[in-house]
Amino acid sequence: MEDADPVAAAKICARGRMVNGGQSCIAAKRFVVVESAREAFERALVEEMRAYVMGDPYDPKTRLGPMESVHSRDKIASQVRQSVRNGAKNLLGGEVPKQPGAWYPATVLSNVLPGQPAHDEEVFGPVAAVISAKDEADAIRIVNASHFGLGAAVIAGDTTRGERIAAEELDAGAVFVNESVRSDPRLAFGGVKDSGYGRELSEFGIREFCNIKSVLIEPL
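Residues numbered from 1 in each chain as written. Predicted model: local features only at pLDDT ≥ 70, side-chain atom pairs only at ≥ 80, totals over all residues. Heavy atoms only, no water.

Asks: Help me understand the packing of aromatic side chains in this model?
Replies: The relative placement of two aromatic rings is captured by the distance of their centres and the angle of their planes. In total, this model carries 1 aromatic pair according to the counting rule given. When the centroid spacing of 6.4 Å and the interplanar angle of 45° are considered together, the rings of Phe 31 and Phe 41 count as tilted. Residue Phe 31 is located in strand 1 (residues 30-34), and its partner Phe 41 is located in helix 2 (residues 35-50); the two are separated by 10 residues in the primary sequence. Directly above the ring of Tyr 52 sits Arg 63, whose terminal nitrogen or CZ lies 3.9 Å from the centroid. (Phe/Tyr/Trp six-rings, centres within 6.5 Å; stacked < 30°, edge-to-face > 60°. Helix = DSSP H or I, 4+ residues; strand = E, 2+ residues; numbered from the N terminus. Lys NZ or Arg CZ within 6 Å of the ring centre and 35° of its normal.)

Take a look at the structure:
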């Protein structure tokens, strides 16, 4: 939202995007930003993503290792190329390094629009897609138009506003306010729409493994 601190928001978003190098179902994929806040957020996000140094996973200074396979890396690269070809703007990264292995750098795309893979598909790697929204209502519309619905987050200076959007407006299995989506054994975990059904973890997940017996008694 426009009342969020852009630097604080960028830290949350970059951390959420780069879980396991972006190769996680709950890693943040798309960042829908109210237009009045977009430029400041993009500048901060580029700096945060730039800090994810790519290198040997055994080196303590490394923050981004290789993708799980060359095939997966090539799919990410193709999705980025198609998005840029269809109008997305590359702010950071976006090029396959000239070195052996399944490497792909931290990447930030702006001007992400419908019809681009970065908008319509799940990019399973270190690519942050920034989508502009006119206002709060437009941002909610864009988020809910996705056929995915595992997790979402709201970043807002007014936490009461963030709570309302999270609880009442967003169509996702879990919604976090001023934090990135995560899995926690105390919380029910699972999605809606094409992100599945049912829940694991918490008391709801435990009940999935129970054989519940019904007994009905009628007096004679």
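Right, picking up where we left off after that structure.
Asks: What's the story with the pattern of salt bridges in this structure? I'm lost.
Replies: If charged atoms from side chains of opposite charge come close, those side chains can pair. In total, this model carries 18 salt bridges according to the counting rule given. For Lys 11, the salt bridge goes to Glu 48, with nearest N and O atoms at 3.0 Å. Here the residue Lys 11 occupies a position in helix 1 (residues 6-17), and Glu 48 occupies one in helix 2, the gap between them amounting to 37 residues. In this structure, the salt-bridge partner of Arg 50 is Glu 47, at a minimum N-O distance of 3.2 Å. With Arg 50 and Glu 47 both in helix 2, this residue pair falls 3 residues apart, about one helical turn. The class of Arg 50 is partly exposed, set by a relative accessible area of 46%. A relative accessible area of 47% places Glu 47 in the partly exposed class. (Salt bridge = Lys/Arg side-chain N within 4 Å of Asp/Glu carboxyl O. Buried < 20%, exposed > 50% of the residue type's maximum accessible area, 1.4 Å probe, protein only.)

Asks: Teacher, can you tell me more about the sheet that holds strand 3 (residues 107-110) here?
Replies: Two strands in a sheet stick together by hydrogen bonds in their backbones, pointing the same way (parallel) or opposite ways (antiparallel). With mixed pairing, 4 strands are arranged side by side in an open sheet as 1-4-3-2. Two strands lie at the open edges of the sheet, namely strand 1 and strand 2 (89-92), each paired on one side alone. In this sheet, adjacent strand axes meet at a mean angle of 30° when their direction is disregarded. As defined by bridge partners, strand 2 adjoins strand 3 across 3 bridges and the pair is classed as antiparallel. Bridge pairing in strand 3 places Asn 90 opposite Leu 109. Relative to strand 1, helix 5 (residues 136-145) is tilted by about 165°, and along the sheet it contacts strand 1 and strand 4 (127-133). (Pairing = 2+ DSSP bridges. Axes fitted to C-alpha atoms, helices over the stretch in contact; angles between N-to-C directions. Contact = heavy atoms within 4.5 Å.)

Asks: I tried to follow the pairing of strand 6 (residues 174-177) on my own but got confused; where do I start?
Replies: A regular strand carries its side chains on alternate faces of the sheet. Residues of strand 6 alternate between two faces, with Ala 174 and Phe 176 buried on one and Val 175 and Val 177 left unburied on the opposite face. In this sheet, strand 6 lies alongside strand 5 (residues 151-154) in parallel orientation, the contact comprising 4 bridges. Note on strand 6: the bridge partner recorded for Val 154 is Val 177. Handedness of the crossover joining strand 5 and strand 6 through helix 6 (residues 159-169): right-handed. (Right-handed = clockwise from strand over helix to strand, strands pointing away.)

Asks: Got a minute to help me understand the environment of Ser 183 in this structure?
Replies: The topology assignment puts Ser 183 in the loop between strand 6 and helix 7 (202-207). With a relative accessible area of 43%, Ser 183 lands in the partly exposed category. Taking the C-alpha atoms as reference, Ser 183 lies 9.9 Å from Gly 151; in sequence the two are 32 residues apart. Excluding residues within four positions of it along the chain, Ser 183 makes contact with Ile 26, Phe 189 and Leu 201.

Asks: Before we go on, may I ask you to explain the packing of helix 1 against helix 2 in this structure?
Replies: The relative placement of two packed helices comes down to the angle between their axes together with the axis-to-axis distance. Where helix 1 meets helix 2, the axes come as close as 8 Å, and the angle between the chain directions of the two elements is 45°. With respect to helix 2, the axis of helix 1 lies oblique. Considering the relative orientation of helix 1 and helix 2, their crossing is right-handed. Residues Pro 6, Val 7, Ala 9, Ala 10, Lys 11, Cys 13, Ala 14 and Arg 17 of helix 1 touch helix 2, and the partners they reach there are Ala 40, Phe 41, Ala 44, Leu 45, Glu 48 and Met 49. (Parallel < 35°, antiparallel > 145°, perpendicular 65-115°, else oblique. Left-handed = near helix turned anticlockwise from the far one by under 90°.)

Asks: So what exactly am I meant to see when it comes to unusual backbone geometry here?
Replies: Trans peptide bonds make up most of the peptide bonds, and negative phi angles are found at most residues other than glycine. Backbone geometry places Leu 201, a non-glycine residue, at a positive phi of 70°. Locating Leu 201 in the fold gives a position in the loop between strand 6 and helix 7. If you check the backbone angles, Ser 202 has positive phi at about 60° while not being a glycine. Relative to the helices and strands, Ser 202 resides in helix 7.

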